[in-house]
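Next come the chains, spelled out residue by residue.
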Amino acid sequence: EEAQWLDPIVACSVSGRGGRHSVSAAAVMIAVPWVMCTVVCFVFAFAFAVHPVLTWIVAALCYLVCVALVVLDRLWEGSQYIRGATLGFSAVSCGVAAGMVASNNYAAEYWSLVGRSAFAEVAAMESSVAYRDAGRLIFTQSSRVNRSFALGRIRGQSLHCVAPILDPSAMRSNRAEFWAVGLDCCHPRSAFYCDDATDPNARVGMVVSHAVSWHARGEYERFHGVVMQAAADFGLSIPEHPVLVRWKSSVNGALLSLWRSTLSIVAADCA
């Protein structure tokens, strides 16, 4: 009789331990993948361009956590850790993919711009050779984006827009060493409103480099092709490699925009 009286207590005790174990496993299954996705996406987005080895180490450690969950599932039969491991592998992979997109599209350009030289009082009509490796250019007051010589052409999925930066007071006004560029911000011809091109006080050129990332390399080549076509259409002479810039009203505003765009991709991936 005493044994029969103890049976329900033992059963309840075992059931309680099992319930607590199930709850903890469920919490791990939800929390661990989300944390790993967030960490990996953030690290890849903001650090891959400058510390690629470190970012892959972080991803590898997260994958090891998933392997550890598989081991725990083998040790505790009936647990849900295997589901957490499966979700973890998927979450880390998604974090890597989203972080790489953010890095290639925005963060890599940010680090490239702040890491390269800046020049002030750049005249629109001077040779662009010395500025090919620059990051930021501040042009003279007389330099203008000549929107009447703008051209837009579809390349890939976007309208690639270009317009020469000229000095109306210069004698050789048909020589275009520098070009403002942008995406989906112009008409096919003679209308250009990319970035701050309509701001009469804008003088900052954020140099578009082909060496930033695979994404930037492709965009540079497409812009360069449109520049060559615009030069031919409008009778402008250009160097072999004209300097392409995003026309901005301030350096800090341009850099902050890249930072915010990177953060928006990270937030969307982790939401």
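As the structure is a computational prediction, the values presented were derived from the model and not from experiment. (Residues numbered from 1 in each chain as written. Predicted model: local features only at pLDDT ≥ 70, side-chain atom pairs only at ≥ 80, totals over all residues. Heavy atoms only, no water.)

1. Section: a nonpolar patch on the surface
Move 1: On the surface, a nonpolar cluster with roughly 880 Å² of combined accessible area is contributed by Val53, Ile57, Leu61, Leu64, Val67, Val71, Leu75, Trp76 and Phe89.
Move 2: Looking at the nonpolar patch, the element that brings in the most residues is helix 2 (residues 52–75), giving seven residues.
Move 3: Turning to its location among the elements, Ile57 is positioned in helix 2.
Move 4: According to the relative accessible area criterion, Ile57 is partly exposed, its value standing at 44%. (Patch = residues over 30% accessible without salt bridge, like charges linked within 9 Å, V, L, I, M, F, W, Y side chains within 5 Å. Areas by Shrake-Rupley, 256 points an atom, 1.4 Å probe, with all protein chains shown as cover. Salt bridge = Lys/Arg side-chain N within 4 Å of Asp/Glu carboxyl O. Helix = DSSP H or I, 4+ residues; strand = E, 2+ residues; numbered from the N terminus. Buried < 20%, exposed > 50% of the residue type's maximum accessible area, 1.4 Å probe, protein only.)

2. Let's talk about the UniProt feature "transmembrane region" (unreviewed entry) in the protein chain
Move 1: With numbering aligned to this structure, UniProt lists the feature "transmembrane region" (unreviewed entry) at residues 25–47, 53–72 and 84–102.
Move 2: In residues 53–72, the share of helix is 100% and the share of strand is 0%. The end C-alpha atoms are 29 Å apart.
Move 3: Helix makes up 100% of residues 84–102 and strand makes up 0%, while its end C-alpha atoms are separated by 26 Å. (UniProt positions renumbered as here; feature names shortened; annotations may be inferred.)

3. Considering helix 3 (residues 81–115)
Move 1: End to end, helix 3 covers just 44 Å across 35 residues, shorter than the expected 51 Å (1.5 Å per residue, more than 12% under).
Move 2: Maximum bend of helix 3: about 55 degrees, positioned at Ser103. (Expected span 1.5 Å × (residues − 1). Bend = angle between axes of the 7 residues up to and from the residue.)

4. Focus: unusual backbone geometry
Move 1: Of note in this structure, Ser190 is not a glycine but carries a positive phi near 60 degrees.
Move 2: With respect to the helices and strands, the residue Ser190 is situated in the loop between strand 6 (178–183) and strand 7 (204–207).
Move 3: You can call Ser190 partly exposed: its relative accessible area is 38%.
Move 4: The phi dihedral of Asp195 falls on the positive side, at around 50 degrees, and the residue is not glycine.
Move 5: Turning to its location among the elements, Asp195 is positioned in the loop between strand 6 and strand 7.
Move 6: On the basis of relative accessibility, which here comes to 26%, the residue Asp195 falls in the partly exposed class.

5. Focus on the nonpolar core
Move 1: Within the largest apolar cluster, 41 residues are counted, with the highest numbers of intra-cluster contacts made by Leu137, Val162, Ile165, Trp179 and Phe192.
Move 2: Looking at this core, the elements with two or more residues in it are strand 2 (136–139), strand 5 (158–166), strand 6, helix 4 (214–234) and strand 8 (243–248).
Move 3: Sorting elements by how many residues they give to this core places helix 4 first, with seven residues.
Move 4: Counting residues in hydrophobic clusters, the runner-up holds nine residues, among them Phe44, Ala59, Cys66 and Val92. (Core = buried A, V, L, I, M, F, W, Y, C linked by side-chain atoms within 4.5 Å.)

6. Concerning the pattern of salt bridges
Move 1: Enumeration over the complete set of coordinates arrives at five salt bridges.
Move 2: Between Arg189 and Asp233 there is a salt bridge; the shortest N-O distance is 3.7 Å. One end of the pair, Arg189, is in the loop between strand 6 and strand 7; the other, Asp233, is in helix 4, with 44 residues separating them in the sequence.
Move 3: Given a relative accessible area of 43%, Arg189 falls into the partly exposed group.
Move 4: Here Arg222 and Glu219 are joined by a salt bridge, their closest N and O atoms 2.7 Å apart. Linking Arg222 with Glu219, this pair stays in helix 4, spanning three residues, or about one helical turn.
Move 5: Here Arg222 falls in the partly exposed class, since its relative accessible area comes to 31%.
Move 6: Judged by relative accessible area, Glu219 falls into the buried class, the value being 11%.
Move 7: Three or more residues joined by partner-sharing salt bridges are found here, namely Asp195, Arg246 and Lys248.

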